[in-house]
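# Structural characterization, general
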Amino acid sequence: MVAGVVMGSAVMLGHAQTRPEQSPSLDSSWNVSGFGTLGVVNQSGINGWGFGRNITQRGTSSTTSAEPDSRLGLQLNWSGGTQWEGGIQGVALRKPSGAPGQDYIEWAYLGYRPWPNTRLRIGRTSSDLFLFADSRNVGFALPWARPPVDFYGFVPLISVDGVDFEQRWLIDESTWRARATAGSLDTTIASNDGSRGRLHGRQMGVVSLTREQDGLLMKASYSHSQQRLDIGPGPAQLRQGLDQLGALPLPGLADTLGNLKQNLWTGGSVTYFGLGTQYETGPWTLIAEGSQVQVPNSLISARRGYVSVGYRQGKVTYYGLASRVKPRQGAITEPDLAGSLSPVLGPEGAARAQALVGFAGVAGDSSRFDQRTVGVGLRWDFASNAALKLQVDRFDVNLRGAAGWRNSDGRAAQGTLVTVLVDFVWGQ
Amino acid sequence: MTVLSFKSLRPVAVLLLAFSLSPSTTLAAETVFVVVSAQSQVRALTQKDVLALYTGRSRVLPGGEVATPIDQLRDSTARADFYQMLTGMDIARINSYWARLHFTGQVQPPPPVGDDAAVIQRLRADPNAIGYVMQEPTGAAVRVVLRLP
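Residues numbered from 1 in each chain as written. Chains lettered and ligands numbered in written order. Predicted model: local features only at pLDDT ≥ 70, side-chain atom pairs only at ≥ 80, totals over all residues.

Quick look at the sheet that holds strand S5 (residues 129-133) of chain B now. By definition, the strands of a sheet pair up through backbone hydrogen bonds, in either a parallel or an antiparallel sense. Residue and element names in this part refer to chain B. Reading across from one edge, S2-S5-S1-S6 is the order of the 4 strands in this open sheet, with mixed pairing throughout. Whereas interior strands pair on both sides, the edge strands pair on one side only; in this sheet they are strand S2 (68-69) and strand S6 (142-148). Judged from the 4 bridges that link them, strand S1 (residues 32-37) and S5 form a sheet pairing that is antiparallel. Bridge assignment links Phe33 to a residue of S5, and that residue is Val133. Strands in contact with helix H5 (residues 116-125) are S1, S5 and S6; relative to S5, the strand with the most contacts, it is inclined by about 160 degrees. (Pairing = 2+ DSSP bridges. Helix = DSSP H or I, 4+ residues; strand = E, 2+ residues; numbered from the N terminus. Contact = placed C-beta atoms within 7 Å. Axes fitted to C-alpha atoms, helices over the stretch in contact; angles between N-to-C directions.)

Encoded structure:
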């Protein structure tokens, strides 16, 4: 698929730069456009870990890879006058093998504007949770090579199937926008070993409020949903094994194993709260976001944040960014049960029980994000519809905090990512 | 193992820096005229009004009428000059800004119709349209509602 993306991207970029500019008819109700990214990322400092932009990706399988960032998007818009509109956008990018076709549809909706600044949509839309949540695939619209992984890497709450209401209004010099979305989500994610899992979200509600004035944008968002993670029979088998072990008549054993069991999260309520701001003044751009994710009885709960500063000089923008994700709970401390279980189960049985406990701890920690990243980069707008980006990130993953990586071994790690890519758009 | 190093990237960085410092060869227009149809009820607009329309923040004029902003050709100097005077941002930043709105399904950018003559022709046919021209229009078909800068 990546080869297809690369070939298609080359054709699109060439097409965009050589096509004589034409004046499309205003009466045309249809518009076809697209975007893409061609790029490679090189990772060093870690052995065998697979880098991914987010948990919906399988992760890299080699030190230098085009898989995480290369993508090609195609979009069809329809306008039925000033009140009706519709659109569909598909994005070809690397996902876990076996991901169904609907996962590649970012949004597809029918919209109606009863009044000019009011819009209702039905279908698949982008949730408005983050500053760059709905444009994360459109590299040309991003200041960086990719959205900060520490902040955006865990996010599966992107496309919502349901209804969406948006209202805009002006107060003095400021523009306000409120949006509410309700619906469900189904998306493929990659497990720590790169295998395919499925995340289902129900009773999902998202509200956001955005204010813009001059160069300052501020945003607040909130979401609540019930989610279920389907990654095969593994968690259920682990729970069953822990239950059998906990039934042994040893004081405190059931409580110890109960803590391990509840961290094998496969579903429950998920609450998100986020704040974001972007400020542009002269050649300077400042972007910052912070969020809190609350998932009871899991190690997913975390606080996230990043700050980015950019300076534009001619066609080149130089930027730096720093990000951090910090879990709400510490890593699971594996209890030493071998000694206390030996009299009951014998040495071999106690060793097997200890292995089970250890595996349950690792499995629980596999959903734990604990890392920080600092990076610098530049963006060169070498054409009106294309930009070259270079970015170097230095990451620092704490012990048992590598949920953002595939095939991680739970150890602490430090390393460097070097990214070179070209973003482009056409037909806009 | 293939490893990209800072050293290997140095020539590219030098090239980019040189490019960023090269002087622009395009001469900017002295004045851009924001125009509406003579049939429109609008007599004058502020820069804030036009800014809201051409950045997708509003779809209506101060009087409440629906507005249909139109652009000149995407790579034209007229478009670059207009957005530079209106927003203070160069055309690459504007294109990136609109890419974000367009490809997230939020707002569609103003459709390009051509040059000054095409804009005026469009305004004759659409009382809700609003556009901009480089030459001060003559005749009674359109009305200038704002001069930039």
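From this point, things continue past the structure.
At the junction of the two partners, chain B supplies 39 residues and chain A supplies 44 residues. Counting only elements with at least two residues in the side of chain B that touches chain A, the list comes to helix H1 (6-21), helix H2 (47-54), helix H4 (91-102), strand S4 (112-114) and H5 of chain B. Looking at which element gives the most residues to the side of chain B that touches chain A, the answer is H4(B), with 8 residues. Each residue belonging to the side of chain B that touches chain A can be placed in one class, and the counts come to 22 nonpolar, 10 polar and 7 charged. (Nonpolar A, V, L, I, M, F, W, Y, C, P; charged D, E, K, R; others polar.)

Take helix H5 (residues 338-365) of chain A next. Residue and element names in this part refer to chain A. Its 28 residues place the ends of H5 only 21 Å apart at the C-alpha level, less than the 40 Å of an ideal helix rising 1.5 Å per residue. Taking the largest bend as the criterion, H5 deviates by roughly 125 degrees, centred on Leu345, and proline Pro347 comes between one and four positions later. All buried positions along H5 are accounted for by Leu341, Ala353, Val357, Ala360, Gly361, Gly364 and Asp365. Looking at the buried residues of H5, the elements they touch are helix H3 (234-246), helix H4 (253-262) and strand S16 (386-402). (Expected span 1.5 Å × (residues − 1). Bend = angle between axes of the 7 residues up to and from the residue. Buried ≥ 20, exposed ≤ 12 C-beta atoms within 10 Å, placed from the backbone.)

We now examine the environment of Gly232(A). Inspection of the secondary structure assignment puts Gly232(A) in the loop between strand S10 (216-230) and H3. Along the chain, Gly232(A) and Trp144(A) lie 88 residues apart, while their C-alpha atoms are 36 Å from each other.

The subject of this paragraph is the domain arrangement of chain A. Residues and elements named next belong to chain A. When its domains are assigned, chain A resolves into domain 1 (2-20 + 33-231 + 267-330 + 368-426) and domain 2 (243-265 + 332-366). Relative to domain 2, the C-alpha centre of domain 1 lies at a distance of 39 Å. Domain 1 puts 11 residues into the contact, and the matching count from domain 2 is 7 residues. Class assignment of the residues belonging to the side of domain 1 that touches domain 2 gives a composition of 4 nonpolar, 5 polar and 2 charged. (Domains from an automatic or database assignment.)

Within a regular beta strand, the side chains point alternately toward one face of the sheet and then the other, so they alternate between its two faces. Residue and element names in this part refer to chain A. Relative to strand S4 (residues 84-93), strand S3 (residues 71-80) runs antiparallel, the two being bridged by 10 bridges. Paired with Trp78 across the bridge in S4 is Gly86. Where S3 folds back onto S4 in an antiparallel hairpin, the turn is made up of 3 residues, including Gly81, whose phi is positive at roughly 90 degrees. By the bridge criterion, 7 bridges tie S4 to strand S5 (residues 105-115) in an arrangement that is antiparallel. Residue pairing for S5: Glu85 is matched across the bridge by Gly111.

The omega torsion of the bond from Leu148(B) to Pro149(B) falls at 0 degrees, within 30 degrees of zero and hence cis. Take Pro149(B): it is sitting in the segment after S6. In this model, Gln203(A) sits at a positive phi of 50 degrees, which is unusual for a non-glycine residue. Residue placement: Gln203(A) occurs in strand S9 (residues 196-213). One non-glycine residue, Arg400(A), lies in the positive phi region at around 55 degrees. Considering the arrangement of structural elements, one finds Arg400(A) in strand S16. Of the residues examined, Arg400(A) has 24 C-beta atoms within 10 Å and is grouped as buried.

Another aspect to go through is the confidence of the model for chain A. Model confidence for chain A is summarised by a mean pLDDT of 87, while 93% of its residues fall at 70 or above. Across chain A, element-level confidence peaks in strand S14 (residues 316-327) of chain A with a mean pLDDT of 97 and bottoms out in helix H1 (residues 2-18) of chain A with 42. (pLDDT = per-residue confidence, 0-100.)

What follows is about the nonpolar core. Of all hydrophobic cores here, the largest spans 105 residues; its most connected members are Phe140(A), Val35(B) and Ala99(B). It is strand S17 (residues 413-426) of chain A that provides the largest number of residues to this core, a total of 7 residues. Sequence-distant contacts of Phe140(A), defined by excluding residues within four places in its chain, comprise Phe35(A), Ala387(A), Asp423(A), Phe424(A), Val425(A), Ser96(B) and Ala99(B). (Core = buried A, V, L, I, M, F, W, Y, C linked by C-beta atoms within 7 Å.)

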